[in-house]
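# An overview of the molecular structure
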Amino acid sequence: MILDDTLGLDADSFYNALMDAHAGLTDAQSHALNARLVLIFANEIGDLDRLEHLLAAARQTTTP
Amino acid sequence: MAYDYAPFPYTPPPGLTRPEPRHPVVIVGAGPIGLAMAIDLAQRGTASVVLDDNNVVSVGSRAICWAKRTLEIFDRLGVGERMLAKGVTWKVGRNFHGENQVYAFDLLPEPGHKYPAFINLQQYYVEQYLAERAAEFPDLIDLRFLNKVTNHSDHGDHATLDITTPDGDYTVEADYYLACDGAGSATRKRMNLPFNGQTFEEHFLIVDVEMETSPFGSDDTPERWFWFNPPFHSGQSALLHKQPDNIYRIDLQLGPDTDPKEEATEAKVIPRIKAIVGDTPFRLDWMSVYKFRCAKLDRFVHNRVIFVGDSAHVVSPFGARGGNGGIQDVDNLGWKLAAVLQGNAREPLLESYNIERVHGSAENIINSSRATNFMTPKSPIEALFRDQVLKLATEHPFACKLINSGRLSQPCNLSASPLQTPGAALVPPGTALIDAPLHDGQDQTWLLTATHGNFTLITASPMTLPDIAGIARIGINQSADYPCYRATDGHAETRYGTDKIYLLRPDGHVCAVFDTPAPAAIIAARDRALGAMI
């Protein structure tokens, strides 16, 4: 499945903000932050069909 | 005071000396499910023989949480009010993470229901009340203790059972064999039926302690308290409930690598309890260490052998879906089996028990498996997500909804079943009756009590309900030549609306809704609920 761009010109800013959010954290703290982000983003999306679609997309990219 | 386990009397069954006539129904197992089944059938005029290899009620409190819908069914069976009077009523659950409360929920925030969200009552009391109720039907319920079924076979139009007693062996024939013989069902094993599902590796310790001082604090409001990583039991989970007679149920997660024999000893258990209750004096009443699984049969109806309760499906205890699910089986099967045996419906109606309760138990298994998975993370990443949910929940309401310490038993929705006529209303077809307070000018009553046991039309509209043979009628806020009541505090109008007619099945589920009182549509819906479309 292919996910189209929706961030547009904000893509770089978002990526930078995500890196900033992790700055200075230990690996364990970063993992915990990522887990919280997944949960918070899921709630923002709020649509189970869409979420299952996104989970599948992320899972598909896993390298063996 | 410890419960007094009085043995039920054994009397040599007639089959030892002469062949018995074929029985319409033989029920194997006199636990809550078998006894409730016999009472439901007896109230409908169908006789049964109940066989049990034991002669005392359940040892240990076992099933303690009885849900509102179960109590409504028990009301119909004549033991609901007694259970409510003895039981500990509760409706609030609190989840803690460490020492701090992260989320509380109220399972019945609105007034106007005869029964509360839950009561806690030890299984031995429930079995005692049911056995005493069963004894009120001496011509219809033949209770035989110390009668162990050793074999059975299905002969197409009946089943035979080989039975052993202290005085020897005998055989009976039955039109229907109801296997209410519990999670370890010997019936299921004899038939080699696959019983597949998920087994959980975690051990849990379950302890009943009697003590005068309430662990629920100074105002002693009984609630359901669940801890993730409690201060008194680090890294695990714990659950606390109150039962009658100052007995408290404590469930402690012990992890997968533990010796169940060693854990179920006073030397191990007493320090664990002291860590929770401190120096308060207490008495150990009962304890058990167990693992559990979620599993069910693919089919509950096997020609003349029908599985009911734990013999058909087992779940983890978190969510109170075992006993409560089993009682919904009884409620679903009773009227159908009586209708088939009395010639009011054809045998395919029984297939709808299979459809509806396989669906209901699948729902229970999904809910109970998910709760168990949340509580007992199986990998570091599962533990990470679980802990972050608990952290977020202290600030964000959305995360509270993700906390799963058990999704407590709800009435099963049967909207997809072929017995229901599709339709839209405030209480749509497939939904169990929603109770409401009524009065008849003199006495307060309940919609629940007014509609027990038969096909019933109800309406809170001005429409006059048609007179149809075999269908009872209840009018709300109207006067007519059938029983009519006033709604108390407007609850019935709010819950049912004032522009619909509802048809209830004998188990109190809405099976059709109507905008007009046309008899033809009502008769068609009733016939459909009796299996015309199967």
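Residues numbered from 1 in each chain as written. Chains lettered and ligands numbered in written order. Predicted model: local features only at pLDDT ≥ 70, side-chain atom pairs only at ≥ 80, totals over all residues. Heavy atoms only, no water.

As recorded in an unreviewed UniProt entry, chain B goes by 3-(3-hydroxy-phenyl)propionate hydroxylase and comes from Sulfitobacter marinus. UniProt's Cofactor (unreviewed entry) comment on chain B is quoted here verbatim: "FAD". (UniProt positions renumbered as here; feature names shortened; annotations may be inferred.)

Going by the annotation in an unreviewed UniProt entry, the name recorded for chain A is DUF2783 domain-containing protein, with Sulfitobacter marinus given as the source organism.

## A word on the overall build of chain B
When its secondary structure is counted, chain B shows 14 helices and 28 strands. Split into buried and exposed, the 534 residues of chain B put 58% on the buried side. Considering only contacts within chain B whose residues lie at least 6 apart along the sequence, 70% involve residues at least 24 apart. Per element, the accessible surface of chain B, about 20900 Å² overall, is 52% carbon and sulfur. Once the 48 positive and 63 negative side-chain charges of chain B are each reduced to a mean point, those two points are 4 Å apart. (Helix = DSSP H or I, 4+ residues; strand = E, 2+ residues; numbered from the N terminus. Buried < 20%, exposed > 50% of the residue type's maximum accessible area, 1.4 Å probe, protein only. Contact = heavy atoms within 4.5 Å. Areas by Shrake-Rupley, 256 points an atom, 1.4 Å probe, with all protein chains shown as cover. Lys, Arg positive; Asp, Glu negative; His and termini not counted. Charge placed at Lys NZ, Arg CZ, Asp CG, Glu CD.)

## Topic: the packing of aromatic side chains
All names here are of chain B. Across all of its chains, the model carries 28 aromatic pairs over all chains by this definition. A ring pair is formed by Tyr124 and Tyr125, whose centres lie 5.3 Å apart and whose planes are at 55°; its orientation type is tilted. Taking 5.9 Å as the distance between ring centres and 40° as the angle between the ring planes, the aromatic pair formed by Tyr290 and Phe292 counts as tilted. Each residue in the set Phe200, Phe204, Phe226, Phe228, Tyr290, Phe292, Phe318 and Phe374 is aromatic and connected to the rest through ring pairs, giving one cluster. One residue, Arg188, lies across the ring of Phe195, its end atom 3.6 Å from the ring centre. Just above the ring of Tyr176 sits the side chain of Arg304; from NZ or CZ to the centre is 4.4 Å. (Phe/Tyr/Trp six-rings, centres within 6.5 Å; stacked < 30°, edge-to-face > 60°. Lys NZ or Arg CZ within 6 Å of the ring centre and 35° of its normal.)

## A few points about the domain arrangement of chain B
Considered domain by domain, chain B is made up of domain 1 (14-88 + 107-194 + 294-367), domain 2 (199-293) and domain 3 (437-529). Each of domain 2 of chain B and domain 3 of chain B has a C-alpha centre, and these two points are 46 Å apart. (Domains from an automatic or database assignment.)

## Considerations on the nonpolar core
Residues and elements named next belong to chain B. Membership of the largest hydrophobic core comes to 112 residues, with the highest contact counts inside it found for Phe74, Met83, Leu161 and Leu178. Inspection of this core shows a minimum of three residues originating in each of domain 1 (14-88 + 107-194 + 294-367) and domain 3 (437-529). Among all residues touching Leu178, those that are not within four sequence positions of it are Val25, Val26, Ile27, Val28, Met37, Leu41, Ile306, Leu333 and Leu337. (Core = buried A, V, L, I, M, F, W, Y, C linked by side-chain atoms within 4.5 Å.)

## With respect to helix α2 (residues 68-76) of chain B
Residue and element names in this part refer to chain B. The element α2 is largely enclosed, with a buried count of nine among its nine residues. Within α2 the residues assigned to the buried category are Lys68, Arg69, Thr70, Leu71, Glu72, Ile73, Phe74, Asp75 and Arg76. Of the residues flanking the end of α2, it is Gly78, one or two places downstream, whose phi is positive at about 90°.

## A short note on the interface of chain B and chain A
Interface size is commonly expressed as the accessible surface area that is lost when the partners come together. Tallying the contact residues gives seven residues for chain B and eight residues for chain A. Here chain B and chain A share an interface that buries about 740 Å² over both sides, 85% of which is from carbon and sulfur atoms. Three residues stand out in chain B for area buried against chain A, namely Phe385, Gln388 and Phe398 of chain B, and they jointly supply 59% of the buried area on that side. The interface formed by chain B and chain A includes zero salt bridges. Across the contact surface, chain B and chain A share one residue pair in polar contact (both at pLDDT 80 or more). (Buried area = accessible area lost by both parts, 1.4 Å probe. Salt bridge = Lys/Arg side-chain N within 4 Å of Asp/Glu carboxyl O. Polar contact = N/O pair within 3.5 Å; in protein donor to acceptor, adjacent residues only side chain to side chain.)

## Some thoughts on the environment of Phe300 of chain B
Residue and element names in this part refer to chain B. Take Phe300: it is sitting in the loop between β18 (293-296) and β19 (301-302). Given a relative accessible area of 0%, Phe300 falls into the buried group. Each C-alpha atom, one on Phe300 and one on Pro9, is 32 Å from the other, the two residues being 291 residues apart in sequence. Apart from the residues within four sequence positions on either side, Phe300 is in contact with Val305, Ile306, Phe307, Ala312, His313, Tyr353, Asn354, Arg357, Val358 and Ser361.

## Quick look at the environment of Arg133 of chain B
Residues and elements named next belong to chain B. Mapped onto the elements of the fold, Arg133 is located in helix α4 (residues 123-134). According to the relative accessible area criterion, Arg133 is buried, its value standing at 17%. Along the chain, Arg133 and Leu77 lie 56 residues apart, while their C-alpha atoms are 8.3 Å from each other. Every residue in contact with Arg133, bar those within four places of it in the chain, is listed here: Ile39, Gln43, Leu77, Gly78 and Val79. One polar contact links Arg133 to Gln43, side chain to side chain, over a distance of 2.7 Å.

## Concerning the pattern of salt bridges
All names here are of chain B. According to the stated counting rule, one finds 36 salt bridges over all chains in the structure shown. Lys268 serves as the salt-bridge partner of Glu262, at 3.9 Å between the closest nitrogen and oxygen. Exposure remark for Lys268: the relative accessible area of 28% places this residue in the partly exposed category.

## Let's talk about unusual backbone geometry
The residue Asn192 of chain B is not glycine, and still its phi comes out positive at about 55°. Checked against the element boundaries, Asn192 of chain B lands in the loop between α5 (186-190) and β12 (196-199).

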